[in-house]
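Understanding the architecture of this molecule
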Amino acid sequence: MNHRTYLALAIPLTISTVTTPLLGAVDTAVVGQLPNPAYIGGVAIGTVIFNTLYWLFGFLRIGTSGFAAQAHGANDRLLGTLALIRPLIIALAVGIGFFMLQKPIEYAALSLLNPAEDVAALASDYFGIRIWGVPFTLINYVIMGWLIGMSRIKISVMIQVFMNLLNIGLDVLFVFGFGWGVSGVAAATLIAEVTACLIGLLIVWRGTSYRFKLPSLKMVADSSSVRKMMAVNQDLFIRTICLLAVFNLFTYKSAAFGTETLAANAVLLQIHYLMAYFYDGLSNASSILSGKAIGSKDPALFKKNLKLSFQWAFFSSLVLTALYWLFSTKIFSMFTAIPEVIELGGLYGDWLLLFPSVSSFGIVLYGVFTGATETAPIRNSMLLSLGVFLLALWTGVPILQNHGVWLAFILFSLGRSLFLILYIPKLNRLMDKV
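Values in this document were obtained by computation on a predicted structure and should not be read as measured data.

The rules behind the values
Residues numbered from 1 in each chain as written. Predicted model: local features only at pLDDT ≥ 70, side-chain atom pairs only at ≥ 80, totals over all residues. Heavy atoms only, no water. Helix = DSSP H or I, 4+ residues; strand = E, 2+ residues; numbered from the N terminus. Contact = heavy atoms within 4.5 Å. Areas by Shrake-Rupley, 256 points an atom, 1.4 Å probe, with all protein chains shown as cover. Phe/Tyr/Trp six-rings, centres within 6.5 Å; stacked < 30°, edge-to-face > 60°. Buried < 20%, exposed > 50% of the residue type's maximum accessible area, 1.4 Å probe, protein only. Salt bridge = Lys/Arg side-chain N within 4 Å of Asp/Glu carboxyl O.

When you go through the protein chain residue by residue, the secondary structure sums to 18 helices and zero strands. Considering only intrachain contacts with a sequence separation of at least 6, the fraction spanning at least 24 residues in the protein chain is 87%. Surface summary for the protein chain: the accessible area is close to 17800 Å², and the carbon and sulfur share equals 70%.

Spelled out as structure tokens, the structure:
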């Protein structure tokens, strides 16, 4: 395996994953053209709520990808089918549960984040529409994870790109054409998510060369396999809890500094998501190759994948830092035309210059560990990083105000990389035993 092989996976996966934060970025950019910063704040609060719901079960995509990649590497169709069916059952049950509990979820979220009254009202409108899409989105997580694990990269990219193009078109139509405001961007995102899920299900069932023979209920509920899946998912769930604690506290502290600061931080976070999901493309490529190496019992492939993961994490961090340094002002102005928010974005935006270099290794190596389904190091590194964030937030915010919030976030991102790198020797030793 060489750089060309790695990039043949990484480039389309990067295109696919970068489209994910575009849903929130487009929503923010569209309402940012409206005159009141409360619109950005309302979408920001609503986005945090759904990020919380979806990230809690992000393992449905990540875990599915790892198990599917191992089944694909072993050329085992039964395992491949089970890698899809088990998480689909979880996704459907959880999605319906979230929908039924929408009122207490909304009340708890708005109580915890405590935004201004006008922001809260807009966030409530946004939430009330997008909650209908939760089951579809979680099912889509499983579909995307399975397609990626099975190396069906082009199909997954096409679904994601279509979803975002549809979302952009409907955003413009509903907000500027129909004048629906925040409700319009929520409706656009809902329609895009539901449509993508239905297309994904149809493609998995009819549009791939993979032919399903449904396994028996006994196979689906096999205790040892389910325990393995749940152990992986539990570690990834804890990892997600840590991420959510960071982003929710970040938004909570941002709101405490006023609507304009909340809006500026919300835009900067959307730019951060674009960077982070760029690395997710590399991470997914590393996950596929790691899973194939495990499934085919190929230590040489695993170690080559690890080396390429380090090299491309480093190189991409240099590129992203340079691009942001050159175009940060233009990028930020695409999200909003409000002078006060733009001024604050310039004041705090330099923190994002540090994000690529401190976070790249942690995000990309995350794929190596998930592909190997060795997730305890991910859990442990995230818990330690959360501790660093809380300590920095507690000590830095009283002195540095909003700069303290960003300092804590950058230190958290650095911790994700450093603490996970410490587990690489142990992972190599485990691979040598395969």
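That covers the picture; the talk isn't over yet.
We now examine the packing of aromatic side chains. Taken as a whole, this structure holds 16 aromatic pairs when the rule is applied. A centroid spacing of 5.8 Å and a plane angle of 25° characterise the contact between F174 and F178, whose relative ring orientation is stacked. What makes F174 buried here is its relative accessible area of 8%. With a centroid separation of 6.0 Å and 80° between ring planes, the pair formed by F278 and Y279 is classed as edge-to-face. With relative accessibility at 0%, the residue Y279 sits in the buried group.

Here we take up the pattern of salt bridges. Overall, the coordinates contain two salt bridges when judged by the stated rule. A salt bridge links E193 to R130, with the shortest nitrogen-to-oxygen separation between them at 2.7 Å. With E193 in helix α9 (residues 182-206) and R130 in helix α6 (residues 117-130), this pair connects stretches of sequence that are 63 residues apart. For the pair E193 and R130, one class covers both residues: buried. A salt bridge links D235 to R379; the nearest nitrogen and oxygen atoms lie 2.9 Å apart. In this pair, D235 is assigned in helix α11 (residues 223-256) and R379 in helix α16 (residues 376-400), connecting sequence segments 144 residues apart.

In this section: unusual backbone geometry. With a phi angle near 60°, Q401 is a residue other than glycine that sits in the positive phi range. The topology assignment puts Q401 in the loop between α16 and α17 (402-421). Judged by relative accessible area, Q401 falls into the partly exposed class, the value being 40%.

A word on the environment of L318. With respect to the element layout, L318 can be found in helix α13 (residues 299-335). L318 sits in the partly exposed class, given a relative accessible area of 49%. Residues L318 and P356, 38 residues apart in the sequence, show an inter-C-alpha distance of 7.5 Å.

Next up on the list: the side chain of S360. Relative to the elements of secondary structure, S360 occurs in helix α15 (residues 355-371). The buried category is assigned to S360, whose relative accessible area is 0%. Not counting the four nearest positions on each side in its chain, S360 is found in contact with Y279, A313, S317 and S417.

Mapped onto the elements of the fold, A300 is located in helix α13. Placed 132 residues apart in sequence, A300 and D432 show a C-alpha to C-alpha distance of 9.3 Å.

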